[in-house]
Amino acid sequence: MCGIAGILELRPGAAPDRDALARMTDFLTHRGPDAGALHIDGPLGLGHRRLSIIDLAHGTQPMLDPTGRYALCFNGEIYNYLELRTELEGLGCRFRTDSDTEVLLEACRVWGTDAPARLNGMFAFGFWDRQERRLMLARDQLGIKPLVYAQLPDRLLFASELGSVACHPEFPRELDPRATGHYFTWRTVPNPLTIFRHARQLPPATVMT
């Protein structure tokens with residue numbers, strides 16, 4: 001698996017609470033028992049728990065490009081990453097690792113919001129552009145990998161699991177009556193709802209900036 005978590009502060013000059021980000025990330029340890037790390041850059045904080053599968057020694061996340069402008073936290077596997085790597089090398093990209101994570105990082109850097117449509121795989125990720133101060137969230141075409149977000153007045157929270165989002169101390173745990181109705185009727189909560197009023201599932205095949 002792997003697990004991702006993030007906080008984007010929306011108030012000018014605000015920075016993410018590192019302890020809150022750590023709690024959100026630690027909640028996902030069962031998804032990624034091999035490693036965990038945090039990255040905070042201005043208003044954005046990214047957390048990652050890793051289950052090592054490809055390039056065991058060098059696929060650490062959150063992953064930054066050599067300039068530090070771009071950062072990525074990623075859950076999933078890109079099946080066509082070798083083909084994409086060859087295409088990107090033809091465009092001048094140079095790679096430091098053999099991981100599909102770095103290929104995804106470069107794909108997002110080069111192709112922006114068009115990158116997810118080029119991917120064959122299962123994925124959910126957050127990609128940060130420091131210079132443009134833009135966060136991109138994306139989920140695979142079938143919604144195999146989960147991604148939940150909460151748009152609050154002062155911040156955006158996102159994670160692989162709803163429980164991770166709910167770990168943030170400012171997240172309001174109000175139940176959504178529509179979601180609870182669906183759950184007690186059908187024993188499931190349909191996309192994009194979650195059991196909480198202020199959190200939503202990012203729909204499959206969706207890019208959000």
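The preceding data block contains the structure.
The shown structure was predicted, so the numbers you read here are calculated from the model rather than taken from an experiment. (Residues numbered from 1 in each chain as written. Predicted model: local features only at pLDDT ≥ 70, side-chain atom pairs only at ≥ 80, totals over all residues. Heavy atoms only, no water.)

Caption draft 1: Just the overall build of the chain, in detail. On a plain count of helices and strands, the chain comes out with 5 helices and 11 strands. Relative to the globule expectation of 17 Å for 209 residues, the C-alpha radius of gyration of the chain, 17 Å, shows essentially globular dimensions. Each of the three principal axes of the chain carries a C-alpha extent, and together these read 50 × 40 × 30 Å. For the chain, buried positions account for 52% of its 209 residues. Of all intrachain contacts in the chain linking residues separated by at least 6 positions in sequence, the fraction that spans at least 24 positions is 55%. (Helix = DSSP H or I, 4+ residues; strand = E, 2+ residues; numbered from the N terminus. Rg over C-alpha atoms; globule rule 2.2 N^0.38 Å. Buried < 20%, exposed > 50% of the residue type's maximum accessible area, 1.4 Å probe, protein only. Contact = heavy atoms within 4.5 Å.)

Caption draft 2: Here's a closer look at the sheet that holds strand β2 (residues 35-41). Ordered in space as β2-β3-β1-β9-β8-β10, the 6 strands form an open sheet in which the pairing is antiparallel. Across the chains shown, the open sheet's two edge strands, defined by having one partner strand only, are β2 and β10 (200-201). The pairing of strand β1 (residues 3-9) with strand β3 (residues 44-50) spans 6 bridges and is classified as antiparallel. Within the sheet, the bridge partner assigned to Ile7 lies in β3 and is Gly45. (Pairing = 2+ DSSP bridges.)

Caption draft 3: Region of the structure containing the nonpolar core. Ranked by internal contacts, the top residues of the largest apolar core, which has 23 residues, are Phe125 and Phe127. Going through the elements one at a time, β5 (70-78), α2 (81-90), α3 (100-111), β6 (121-129) and β7 (134-139) are the ones with two or more residues in this core. In contact with Phe125, other than residues within four places in its own chain, are Ile4, Leu72, Cys73, Phe74, Leu104, Cys108, Pro116, Leu119, Met136, Leu137, Ala138 and Leu147. (Core = buried A, V, L, I, M, F, W, Y, C linked by side-chain atoms within 4.5 Å.)

Caption draft 4: Spotlight on the sheet that holds β5. Strand order in the open sheet formed by 5 strands is β4-β5-β6-β7-β11, and the pairing between neighbours is antiparallel. If you trace the sheet from one side to the other, it starts and ends with β4 (63-64) and β11 (207-208), each paired once. Alignment of β5 against β6, held across 9 bridges, turns out to be antiparallel. Across the sheet, Phe74 pairs through a bridge with Phe125, a residue of β6. Sheet strands in contact with α3 are β4, β5, β6 and β7, and its direction is about 125° off that of β5. (Axes fitted to C-alpha atoms, helices over the stretch in contact; angles between N-to-C directions.)

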